[in-house]
Amino acid sequence: MAQVPAVPKFTRARHLMRSTLFGRTDATADMVASERAALAVRTRGLTQKTAQQVTFLLPMVGPDHVGNWDAVVARLRTTLDGFVAQDSADWRAAVCCQSRPDLPDDPRITYLPFTDPTPGNDKWRKLRVLAEALPDLVAAPGYVMSFDADDLLRQGTVNEMLSRQVKGGYLVQSGYVMDVTTGDIGLADKRSLSAPMRKPFWKLCGSCAALYHDPSEPESTAFLAEMTQHEHRMFPYLAALAGQALQPLSRPSVLYMLNHGENFGARRGRVGYKTRFVQSYRIDDAQTLETITDDFRL
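Quick summary incoming for the structure in this document.

About the cut-offs
Residues numbered from 1 in each chain as written. Predicted model: local features only at pLDDT ≥ 70, side-chain atom pairs only at ≥ 80, totals over all residues. Heavy atoms only, no water. Helix = DSSP H or I, 4+ residues; strand = E, 2+ residues; numbered from the N terminus. Buried < 20%, exposed > 50% of the residue type's maximum accessible area, 1.4 Å probe, protein only. Contact = heavy atoms within 4.5 Å. Areas by Shrake-Rupley, 256 points an atom, 1.4 Å probe, with all protein chains shown as cover. Lys, Arg positive; Asp, Glu negative; His and termini not counted. Charge placed at Lys NZ, Arg CZ, Asp CG, Glu CD. Axes fitted to C-alpha atoms, helices over the stretch in contact; angles between N-to-C directions. Parallel < 35°, antiparallel > 145°, perpendicular 65-115°, else oblique. Left-handed = near helix turned anticlockwise from the far one by under 90°. Nonpolar A, V, L, I, M, F, W, Y, C, P; charged D, E, K, R; others polar. Pairing = 2+ DSSP bridges. Core = buried A, V, L, I, M, F, W, Y, C linked by side-chain atoms within 4.5 Å. Salt bridge = Lys/Arg side-chain N within 4 Å of Asp/Glu carboxyl O.

1. Some words on the overall build of the protein
If you tally the helices and strands in the protein, you get 11 helices and 11 strands. Along the first, second and third principal axes, the C-alpha set of the protein runs to 50 × 50 × 40 Å. Residues classed as buried in the protein amount to 55% of the 298 residues present. Residue pairs in contact within the protein that sit at least 24 positions apart in sequence constitute 73% of those at least 6 positions apart. Approximately 13,100 Å² of the protein is accessible, and the part contributed by carbon and sulfur atoms is 52%. Here the protein holds 35 positive side-chain charges and 33 negative ones, and the gap between their average locations is 8 Å.

2. So, the packing of helix α2 (residues 33-44) against helix α7 (residues 218-227)
Across the interface, α2 lies against α7 with an axial gap of 8 Å and an inter-helix angle of 155°. On the basis of their axis angle, the class for α2 and α7 is roughly antiparallel. In terms of crossing hand, the pair formed by α2 and α7 is left-handed. Note on element contacts: α7 touches α2 through Glu219, Ser220, Ala222, Phe223, Glu226 and Met227, opposite Ala33, Ser34, Ala37, Ala38, Ala40, Val41 and Arg44. For the contact of α2 with α7, the residue count by class is 8 nonpolar, 2 polar and 3 charged.

3. Regarding the sheet that holds strand β4 (residues 142-146)
What the 7 strands build is an open sheet, ordered β3-β2-β1-β4-β9-β6-β10; its pairing is mixed. Of all strands in the sheet, those with a lone pairing partner are β3 (109-113) and β10 (247-248), marking the two edges. As paired strands, strand β1 (residues 54-59) and β4 are joined by 4 bridges and run parallel to one another. Its bridge partner lying in β4, phenylalanine 56 is registered against methionine 145. On top of the sheet, helix α3 (residues 69-84) reaches β1, β2 (91-97) and β3; it is set at about 165° to β2, its chief contact. Each of β1, β2, β3 and β4 touches helix α4 (residues 123-132); the most contacted strand, β1, lies at about 150° to it.

4. Digging into the environment of lysine 190
Along the polypeptide, lysine 190 turns up in the loop between β8 (184-188) and β9 (209-213). Accessibility expressed as a relative area gives 51% for lysine 190, which makes it exposed. For the pair lysine 190 and glutamine 173, spaced 17 residues apart in the sequence, the C-alpha separation amounts to 6.8 Å. Not counting the four nearest positions on each side in its chain, lysine 190 is found in contact with Gln173, Arg198 and Pro200.

5. Focus on the packing of α4 against α7
As a packed pair, α4 and α7 sit with axes 8 Å apart at the nearest point and diverge in direction by 170°. Between α4 and α7, the crossing angle belongs to the class labelled roughly antiparallel. In this structure, α4 uses Arg128, Ala131 and Glu132 to contact α7, whose residues at the interface are Thr221, Leu224, Ala225 and Glu226. In terms of residue class, the contact of α4 with α7 is made up of 3 nonpolar, 1 polar and 3 charged.

6. A closer look at the nonpolar core
Ranked by size, the top nonpolar core spans 81 residues in total, and within it Phe56, Leu58, Leu80, Phe83, Tyr143, Phe201 and Phe223 carry the most contacts. Each residue touching phenylalanine 223, except ones within four places of it in the same chain, is listed here: Ser34, Ala37, Ala38, Val41, Leu211, Leu238, Ala239, Ala242 and Gln244. Tyr176, Leu187, Leu255 and Ile292 belong to the second-largest nonpolar core, a separate cluster that totals 10 residues.

7. Quick notes on the pattern of salt bridges
Within the structure shown, the criterion is met by 17 salt bridges. Notably, a salt bridge pairs glutamate 219 with arginine 44, separated by 3.9 Å at the nearest N-O pair. Note that glutamate 219 is positioned in helix α7 and arginine 44 in helix α2, a separation of 175 residues in sequence. By relative accessible area, glutamate 219 is classed as partly exposed at 25%. Classification of arginine 44 by relative accessible area gives partly exposed; the value is 41%.

8. A word on the side chain of histidine 15
With respect to the helices and strands, the residue histidine 15 is situated in helix α1 (residues 9-20). By relative accessible area, which is 1% here, histidine 15 ends up buried. In this structure histidine 15 touches Thr28, Asp30, Met31, Glu35, Tyr237 and Leu241, once residues within four positions along its chain are discounted.

9. Overview of unusual backbone geometry
At glutamine 165, a residue that is not glycine, the phi angle is positive and equals roughly 55°. Within the secondary structure, glutamine 165 sits in the loop between α6 (157-164) and β6 (169-171). Phi angles above zero are rare outside glycine, and arginine 297 is one such case at about 55°.

10. Let's talk about α4
With 8 of 10 residues buried, α4 lies mostly within the body of the structure. Listed as buried for α4 are Lys123, Trp124, Arg125, Lys126, Leu127, Arg128, Leu130 and Ala131.

This is how it looks when you write it as structure tokens:
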């Protein structure tokens with residue numbers, strides 16, 4: 001199963017207006033599965049309880065699809081070490097892959113085997129396995145975030161999510177993109193007068209949205225399983241359609257590493273633009289770079 005195509009922007013606007021302005025929660029014939037699942041959540045009207053943990057879902061590329069499996073596992077370990085180092089212990093992480101990688105010895109980290117032999121890109125099938133396993137992975141309400149196995153989470157991010165307890169969930173509007181070959185780091189954020197062409201982080205990287213999830217509500221699990229079948233640019237729209245509009249985190253919270261040799265985007269020829277993005281919005285301030293190094297354990 002391939003990634004589900006994005007819904008055209010005009011259609012998104014029409015569907016969102018229909019539900020938010022006119023209160024319509026019945027699905028129309030042209031809606032895709034994720035939109036139908038979103039409206040099921042809106043109809044159910046989830047009562048948001050206190051979120052008790054943040055759960056990260058990590059689909060990991062299989063060893064047969066990479067040139068250097070040991071390097072891929074090492075990057076996964078770095079990602080997971082960033083979770084372990086968080087100043088809040090209230091997180092969980094689940095890794096789905098054909099082969100069990102070497103994982104940190106931490107009971108909060110779970111491995112889910114992937115046995116589907118269908119050829120082709122399997123990232124989205126792994127995300128479905130992860131999302132559908134949520135009722136077994138977590139027992140209490142919390143936030144759920146799909147997370148690429150080579151991105152890094154900023155220190156304090158779990159604590160911020162659980163301290164603020166925002167309704168709906170969080171969006172990584174501001175984040176960093178690092179070109180591993182040069183060491184340069186660019187800031188992704190909303191546009192400004194000084195950077196009118198800059199893009200927010202959620203348009204560049206899939207590790208960008210943490211949604212409230214209640215494992216006791218089947219509609220909540222079903223929605224996450226369908227939402228994660230799309231590219232990340234669809235996440236804010238689908239969350240809003242579900243009545244779970246996302247709020248930005250307070251600071252750049254995720255670091256996306258490019259050109260490390262096994263980027264998923266490189267297999268689709270889509271890294272060139274992001275490499276240029278880093279150079280366009282490169283951070284040169286020494287103090288800022290030192291803070292990034294410390295907070296992301298670079």
